[in-house]
Amino acid sequence: MTRPDLVIFDCDGVLVDSETVSNRVLAENLTRHGLPMTLERSMELFVGGTMRGVGEQARQMGADLPADWVDEIYAETYAALREGVDVIAGIPELLDRLDAERIPYAVGSNGSEAKMEITLGQNGLLERFKGAIFSAHTLKTAKPDPDLYLAAAAHFGVDPSRAVVIEDSATGATAAARAGMRCLGYAAHDDGAQLAAAGAELFDSMFAVPLLIGLAEAAE
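Residues numbered from 1 in each chain as written. Predicted model: local features only at pLDDT ≥ 70, side-chain atom pairs only at ≥ 80, totals over all residues. Heavy atoms only, no water.

1. Here's the deal with the sheet that holds strand β5 (residues 182–186)
In sheet architecture, strand pairing relies on hydrogen bonds along the backbone and comes in two forms, parallel and antiparallel. Overall, parallel pairing links the 6 strands, which are arranged β3-β2-β1-β4-β5-β6 in an open sheet. The open sheet has two edge strands, β3 (133–135) and β6 (201–203), and neither has a second partner. The sheet shows a mean angle of 25° between the axes of neighbouring strands, direction not considered. One ladder, built from 3 bridges, connects strand β1 (residues 6–9) with strand β2 (residues 105–109); its direction is parallel. Looking at the pairing, Phe9 lines up with Val107 of β2. Where helix α6 (residues 113–121) meets the sheet, its contacts fall on β2 and β3, and the angle it forms with β3 comes to roughly 135°. (Pairing = 2+ DSSP bridges. Helix = DSSP H or I, 4+ residues; strand = E, 2+ residues; numbered from the N terminus. Axes fitted to C-alpha atoms, helices over the stretch in contact; angles between N-to-C directions. Contact = heavy atoms within 4.5 Å.)

As structure tokens, then:
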């Protein structure tokens, strides 16, 4: 693989380990609103989606959600995230390597910028992605549509075929495929079957990424 001209990261579950926190809050909230939900089932159903889409799906499944449910779940989720989220192992080292190789990078997320300010702002990552944060809430386009990733490529003047996306959801992998971008599917917690079905190349450690994107060797 020839080295890319741009690396685009998803945020939740790729840069920071926030999916578990968010889905625990979501499962508890939906259970409270009449739809019994476990953490595992929530992650299976909702990872990679928009919160508005989650609400619509939950209502179809029998949840009795109030009209302001999106605001409610965001408030509960943000409160939980402020208590702390871990950086995915290997991400600081990977960003250091990309800096050393002068390969630009960006983050593209279906989450809001306010959420990323919380999750990335508590560990030094927010500053590293300054000026290169692309949110579905701001751009009014969400994965699996490709426009979020295409906007990132256009910002850097990079042909989509020269960008690599790092994702952990089939929704994001589908967006990458539709954008004409290579996708590496981070499958650290399951077999990655959904990612692979969406066209992603599976891996399970961020330390392996340098080798996967054509740099001389993987990080130790």
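2. A word on the packing of helix α1 (residues 19–32) against helix α4 (residues 69–82)
Direction vectors running N to C along α1 and α4 enclose 135°, while the axes themselves pass 9 Å from each other. Comparing the axis directions of α1 and α4 gives the class oblique. Note on packing geometry: the crossing formed by α1 with α4 is right-handed. Residue-level inspection shows Val21, Ser22, Val25, Leu26, Asn29, Leu30 and Arg32 of α1 in contact with α4, the latter providing Trp69, Glu72, Ile73, Glu76, Thr77, Ala80 and Leu81. In the contact of α1 with α4, the residues fall into 8 nonpolar, 3 polar and 3 charged. (Parallel < 35°, antiparallel > 145°, perpendicular 65-115°, else oblique. Left-handed = near helix turned anticlockwise from the far one by under 90°. Nonpolar A, V, L, I, M, F, W, Y, C, P; charged D, E, K, R; others polar.)

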